[in-house]
Amino acid sequence: MDWQELTKLTQGQALIVERVRVAGKSIAIEGQFELPQLARLNPEDQVFVTAFVRSHGSIKEMEQVFGVSYPTIKARLNRIASSLDFYETNPKPSRAEVLDRLQRKEISAEEAIRELEALK
């Protein structure tokens, strides 16, 4: 059974996977696992995201593939994005991290002051 069939079967209800088996091996892991965010999207949105990645993020190409306008593509991207959790990829350093870098002489006192003030 593929994800699309599973999504149709569950009618969009949240799923908890309780057993995972390594393909071709006799290894299984039991527990409670949530599906990745993209697997929780409905099948149409999964196709849309796949097409967006394949087009290297070209909205112009997406307009041609789906036969819709720029605002329609943007609205759908915004709707999908609002349903996903995003994680900070460049979080601000903690006060302790700034002071450690200062102590190791990786940054100047002036840089440390600027970074510490930005944390307020």
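Scroll up for the structure.
Owing to the predicted nature of the structure, the values given are computational and were not obtained by experimental measurement. Per-chain numbering applies: the sequence of each chain, read as written, is numbered from 1 onward. Reporting in this predicted model follows two pLDDT cut-offs: at least 70 for local features of residues, and 80 or more for side-chain atom pairs to be given and counted; totals over whole chains, interfaces and linings ignore these cut-offs and use all residues. In computing side-chain values, all of the structure's heavy atoms are included and hydrogens and water are not.

Trainee: Account for the nonpolar core, with residues named and values stated.
Mentor: Soluble globular proteins tend to pack their nonpolar side chains together in the buried interior. Core analysis: the largest hydrophobic core is formed by nine residues, namely Leu-41, Phe-48, Ala-51, Ile-59, Met-62, Ile-73, Leu-77, Ile-80 and Leu-84. Examining the composition of this core, we find that three residues originate from one element, helix 5 (residues 70-82), more than from any other. Those residues within four positions of Phe-48 in sequence are excluded, and the remaining contacts are Met-62, Phe-66, Ile-73, Arg-76, Leu-77 and Ile-80. We define a nonpolar core as any set of buried Ala, Val, Leu, Ile, Met, Phe, Trp, Tyr and Cys residues linked to one another through side-chain atoms lying within 4.5 Å. Here the term buried applies to any residue with accessible area under 20% of the maximum for its type, exposed to any over 50%, and partly exposed to those in between, with areas from a 1.4 Å probe on protein chains only. The numbering of helices and of strands both runs from the N terminus, where a helix is a DSSP run of H or I of at least 4 residues and a strand a run of E of at least 2. Contact between two residues is taken to exist if any of their heavy atoms lie within 4.5 Å; hydrogens are not considered.

Trainee: Summarise the pairing of strand 1 (residues 16-21); cite the residues concerned and give the values.
Mentor: Strand pairing is defined by DSSP finding a minimum of two bridges between the two strands. Examined bridge by bridge, strand 1 and strand 2 (residues 28-34) share five bridges and lie antiparallel to one another. Among the inter-strand pairings, Val-20 is bridged to a residue of strand 2, identified as Ile-29.

Trainee: Which residues make up the side chain of Ser-55, and what values go with them?
Mentor: In this fold, Ser-55 is placed in the loop between helix 3 (43-54) and helix 4 (59-66). Polar contacts involving the side chain of Ser-55 include one to the main-chain carbonyl oxygen of Phe-52, which spans 3.0 Å. Ignoring any residue separated from it by four or fewer positions in sequence, one finds Ser-55 in contact with Glu-61 and Met-62. Between N or O atoms, a polar contact is any pair within 3.5 Å; within protein, one atom must be a potential hydrogen donor and the other a potential acceptor, and residues adjacent in sequence are included only when both atoms are from side chains.

Trainee: Before we move on, could you go through the pattern of salt bridges and cite the residues and values that matter?
Mentor: Within this document, salt bridges are pairs made up of a side-chain nitrogen of Lys or Arg and a carboxyl oxygen of Asp or Glu, the two lying within 4 Å of each other. According to the stated counting rule, one finds six salt bridges in the structure shown. With its nearest N and O atoms 2.8 Å apart, the salt bridge here joins Glu-30 to Arg-19. Taken together, the positions of Glu-30 in strand 2 and Arg-19 in strand 1 put the pair 11 residues apart, joining distant regions of the chain. Comparing Glu-30 with Arg-19, the two get one shared label, exposed. Two residues, Glu-115 and Arg-101, come together in a salt bridge whose shortest N-O distance is 2.9 Å. Here Glu-115, found in helix 7 (residues 109-118), pairs with Arg-101, found in helix 6 (residues 95-103); they are 14 residues apart in sequence, far enough to count as distant. The class for Arg-101 is partly exposed, based on a relative accessible area of 23%.

Trainee: Run through the packing of helix 3 against helix 4, naming residues and quoting values.
Mentor: All axes are obtained by fitting lines to C-alpha atoms, using only the stretch in contact for helices, and the reported angles, taken between N-to-C directions, cover 0 to 180 degrees. Where helix 3 contacts helix 4, the axes come no closer than 9 Å and their chain directions differ by 130°. As far as their axial angle goes, helix 4 and helix 3 are oblique. Of the two elements, helix 3 crosses helix 4, and the hand of that crossing is right-handed. Touching Phe-48, Ala-51 and Phe-52 of helix 3 are Ile-59, Met-62 and Phe-66, all from helix 4. Each residue belonging to the contact of helix 3 with helix 4 can be placed in one class, and the counts come to six nonpolar, no polar and no charged. Angular relationships are summarised with four words: roughly parallel below 35 degrees, roughly antiparallel beyond 145, roughly perpendicular across 65 to 115, and oblique for the angles in between. A clockwise turn of the near helix away from the far one marks a right-handed crossing, whereas an anticlockwise turn of less than a right angle marks a left-handed crossing. In this classification, Asp, Glu, Lys and Arg are treated as charged, Ala, Val, Leu, Ile, Met, Phe, Trp, Tyr, Cys and Pro as nonpolar, and every other residue, Gly included, as polar.

Structural measurements only, silent on function.
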